[in-house]
Every structure is written in structure tokens, then in C-alpha cells.
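# Fold and contact review
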Amino acid sequence: MKVLVLGGAGYVGSEAAWHLVDRGHEVVIYDDLSRGHARSVAGLPLVEASLHDGAAMRAVMGDERIDAVMHFAAYALVAESVADPMMYYHNNVAGSLTLLGAMRAAGVGHLVFSSTCATYGTPDTVPIPDHAPQRPVNPYGYTKLIIERALADHARAYGMSFVALRYFNAAGAAEDGSRGEDHDPETHAIPIALQVALGQRDRFMIFGDDYPTPDGTCVRDYIHITDLARAHELALRRTGPGRGLFVNLGTGHGHSVQQIVEAARRVTGHAIPTEIAERRPGDPPELVADPGRAREELGWKAEITGVDEIVRTAWRWHRAHPAGYADA
């Protein structure tokens, strides 16, 4: 298939794009580069344009004879969404609706959508099944849920097909060390711990140690980006007019923030000092996936599940590229 990858110069999008190429698909990257890195997709066709530019998207879809779209072009920082919700509604909701309009106009009928476990909010049960109630507790989660609902309505009304993949915590780096996580600002636990090991930060801040979890710190399901990329390629095959699917992508096992720090200490050999800070708004205590539907519907399961292994791939990237893609 020929796939338009929106946000394809970002962390997960670039890994998915290269996996598609490895599997024999053609890709066109579409990214405004406000948060992505052109170096992560060097050698692939890149259109630098906005998610709000419907005319540009229609033109690319028509000119390139696109078969399907993957959408990674959302903002995805919980704390930032709480501080500036309008920015998130504008990009994640208005931009995604512009994309859906462009797809209809260009006659492109299949979308693989990057969704999130943040649509669940604070779950009633853990692991979280994909049919669990969706009660987001932050604007980021709300914006993703709105587009999930829009996708279901578009499938019913216009016959499009979609797969919405609810990620848990994307983590790690390409196993060959060629691609990794480079955000500004960086808010994810594993790269922050590794920045402490590299001497780029004095200490690792733990936001809350009084959650109802075994060690008092938040628990998350960390899923390696290589596994995420495989799931996206499998989702391309799940097509058919009016068909929609929502699935969780996770390992089914959680690790606490404290356990992530301990893994980073083991992998790097660095002490990684920590400091306890107040809880961040919008952080549920525990988010762990029940990925059963992904196994049943996509034939997918996570293969890289050990937290030390995940951290080790990230350490390989960060140690070789201490300034991120500026060193790539």
C-alpha cells in the first residue's frame, strides 16, 4: 500500500514509517516539523505542511495516489494540555477533522489513528479492557476521545474504515540505535532518567509518592516503539467499508516510576538521584492494558516486554546521541 504518514517525523510516527518501508509499503511523510525531526526520516519523501491545511493534504493524497493514512500528528503532553487546553483542541480536534474532510474529498477510505489510554481516565479495573468506560481526566484524553467518536460516526455515515490504537506508554528506541526519543521539553520518565545518567539533569523528579500503588508512585504499561510500529502495519490490513476497530496496545504489565528509575540505574550504572515533588494534575494512579482484542483482531502482541530491555534500547540511543537528532 501507499501510506500517508501524518506526524511521520515524530517519535512513534518515524518508527512506524520505517517499519512500513521494511515491509514493502511506500510512504509519504507529512509533518510541519514543529515537534518532529526531519533527520528521523531522512531518505523518505517528506511534505512539510500543516495538519490544518486541507488543500495540501488533498493534493498529496491525489498526486501520490494514497491508499491509506496513518495519523500521528497530535500533541501528546498531559501537563501541557492542562495548562493550554485550547492549543490541544485546536490541533488534535480541529486538525483531525480537517484531515477527515481531506480524506473524503480525495477518496481515501482507511485511517489508522494514534489514540491513547488517556481516554479511559482513572479506570475502574486494571488491566483495562478496551470496552472500559472512557472518562478522561485531562484535555489531551478528551481530544483523543472526541476524534474516536468522530471516526465511528464517519464510518457509519460515509463508509470509511479505521483502526484506533489506544497506546499505553510508548518507550524505547530503534534496536539498532538509529532512531530514538527527542522531545523539547522532555516529559517522559525513561529519557529523563537517562538524561540524569548523562549529566544533563541533576536529579529525577518523582511527581507524587502517595498514590494507591505498591510503592506509592504511578504505574504505567511501557510498550516498545518497535511493537507499536508492528501494530500499525497490521492495522493497515483491517480494512472494509464502514468497519471500525478500537484496540489497546500495551504489554499487559505495569511498572512504577520508581521501578523505571531502578531499571535505569541497572542499565546505566549511574546512581540517578531522585526528589519527590507534588503530584501533577491529570495523572491517574495506574494505567495497564488488557491487549486481548489486539491479539484477536490484529494477530499482535508485544514482543519486547522486559523493562530493562526497553531501557537498554533507549540508553543506546541517548548515549550515542546526547543532543538528540542534532547528533544524528
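Read on for a plain summary of the structure. Only a predicted model underlies this, so the values are computations on that prediction, with no experimental measurement involved.

### Topic: the nonpolar core
Ranked by size, the top nonpolar core spans 36 residues in total, and within it Val 12, Leu 165, Leu 228, Leu 249 and Trp 300 carry the most contacts. Contributing elements (two or more residues each) for this core: β1 (2–6), α1 (11–22), β2 (26–31), β4 (68–71), β6 (161–167), α7 (225–235), β11 (244–249) and α9 (292–298). Other than its neighbours up to four places away in sequence, Trp 300 contacts Ile 223, Asp 227, Arg 230, Ala 231, Leu 234, Leu 249, Gly 250, Pro 291, Ala 294 and Arg 295. Among the nonpolar cores identified, the runner-up in size contains 30 residues, and Met 103, Phe 113, Ile 147 and Ala 164 belong to it.

### Points about the layout of surface pockets
Its boundaries defined by the atoms lining it, the second largest pocket holds a volume of some 160 Å³. Residue lining of the second largest pocket: Glu 15, Trp 18, His 19, Asp 22, Ala 174, Glu 175, Asp 176, Ser 178, Arg 179, Thr 226 and Ala 229, and that is the complete set. Looking at the lining of the second largest pocket, the elements that each hand over two or more residues are α1 and α7. No other element matches α1, which puts 4 residues into the lining of the second largest pocket. Looking at the lining of the second largest pocket, its residues break down into 3 nonpolar, 3 polar and 5 charged.

### Re the pattern of salt bridges
Inspection of every chain in the model, using the stated rule, returns 16 salt bridges. The closest approach of N and O atoms between Asp 153 and Arg 156, which form a salt bridge, is 2.4 Å. Taken together, the residues span about one helical turn, with Asp 153 and Arg 156 both in helix α5 (residues 139–158) at a distance of 3 residues. Residues participating in the shared-partner salt-bridge network are Arg 23, Glu 233 and Arg 237.

### Looking at the sheet that holds strand β14 (residues 286–287)
Spatial ordering of the open sheet is given by β12-β9-β14, a layout of 3 strands whose pairing is mixed. With one partner strand each, in any of the chains shown, β12 (255–256) and β14 form the two edges of the open sheet. Pairing geometry for strand β9 (residues 219–220) and β14, over 2 bridges, is parallel. Along β14, the bridge assignment pairs Val 219 with Glu 286.

### Side note on the pairing of β11
Along β11, 5 of the 6 residues are buried, which leaves the element largely enclosed by surrounding structure. Bridging between β6 and β11 involves 6 bridges; their strand directions are parallel. Bridging across to β11, Ala 164 finds its partner in Phe 246.

### Concerning empty space enclosed by the protein
Per the stated rule, a full pass over the model turns up 1 cavity of 30 Å³ or more. Taken as a whole, the largest cavity spans an internal volume of roughly 50 Å³. Around the largest cavity sit Ala 9, Gly 10, Tyr 11, Ser 14, Arg 35, His 37, Ser 40, Gly 180, Asp 182, His 183 and Tyr 325, which together line it. Of the residues assigned to the lining of the largest cavity, the class counts are 3 nonpolar, 6 polar and 2 charged.

### Comments concerning helix α6 (residues 189–197)
The buried fraction of α6 amounts to 9 of the 9 residues, a majority that puts the element mostly inside the structure. Of all the residues in α6, the buried ones are Ala 189, Ile 190, Pro 191, Ile 192, Ala 193, Leu 194, Gln 195, Val 196 and Ala 197. Here the buried face of α6 lies against β7 (169–171), β8 (204–207), β10 (222–224), α8 (257–268) and α10 (307–320). Positive phi shows up at Gly 199, right after α6, with a value of about 80°.

### Looking at the sheet that holds β6
Ordered in space as β3-β2-β1-β4-β5-β6-β11, the 7 strands form an open sheet in which the pairing is parallel. This sheet does not close on itself; its edge strands, each paired only once, are β3 (46–48) and β11. Sheet twist, expressed as the mean angle between neighbouring strand axes with direction ignored, is 20°. Against the sheet, helix α2 (residues 54–63) engages β1, β2, β3 and β4, with an angle of about 170° to β2.

### Topic: a nonpolar patch on the surface
On the surface, a nonpolar cluster with roughly 390 Å² of combined accessible area is contributed by Met 86, Tyr 89, Tyr 142 and Ile 146. When contributions to the nonpolar patch are tallied by element, the ones reaching two or more residues are α4 (85–106) and α5. Following the sequence through the fold, Tyr 89 ends up in helix α4.

### Re α2
Those residues of α2 that sit buried are Gly 54, Ala 56, Met 57, Val 60 and Met 61. Down the axis of α2, the buried side of the element spans an arc of 165°, and every buried residue falls inside it. As for α2, its buried residues are in contact with β1, β2, β3, β4 and α4.

### Side note on the side chain of Asn 91
With respect to the helices, strands and loops of the structure, Asn 91 is situated in helix α4. If sequence neighbours within four positions are ignored, Asn 91 has contacts with Leu 51, His 52, Ala 73, Ala 74, Tyr 75 and Ser 96.

### Details of unusual backbone geometry
Here the bond from Val 126 into Pro 127 is cis, since omega is 0°, no more than 30 degrees from zero. Take Pro 127: it is sitting in the loop between β5 (110–116) and α5. For the bond from Asp 184 to Pro 185, the omega torsion is 5°, close enough to zero to count as cis. When you line up the elements, Pro 185 lands in the loop between β7 and α6. For Leu 33, which is not glycine, the phi dihedral falls at a positive 60°.

Conventions and cut-offs
Residues numbered from 1 in each chain as written. Predicted model: local features only at pLDDT ≥ 70, side-chain atom pairs only at ≥ 80, totals over all residues. Heavy atoms only, no water. Core = buried A, V, L, I, M, F, W, Y, C linked by side-chain atoms within 4.5 Å. Buried < 20%, exposed > 50% of the residue type's maximum accessible area, 1.4 Å probe, protein only. Helix = DSSP H or I, 4+ residues; strand = E, 2+ residues; numbered from the N terminus. Contact = heavy atoms within 4.5 Å. 1 Å grid on protein atoms, 1.4 Å probe; cavity = no way out; pocket = protein on both sides within 12 Å on 5 of 7 lines; lining within 4 Å. Points joined across faces, edges and corners; volume = space filled by probe spheres on them. Nonpolar A, V, L, I, M, F, W, Y, C, P; charged D, E, K, R; others polar. Salt bridge = Lys/Arg side-chain N within 4 Å of Asp/Glu carboxyl O. Pairing = 2+ DSSP bridges. Axes fitted to C-alpha atoms, helices over the stretch in contact; angles between N-to-C directions. Patch = residues over 30% accessible without salt bridge, like charges linked within 9 Å, V, L, I, M, F, W, Y side chains within 5 Å. Areas by Shrake-Rupley, 256 points an atom, 1.4 Å probe, with all protein chains shown as cover. Arc of directions from axis to C-beta.

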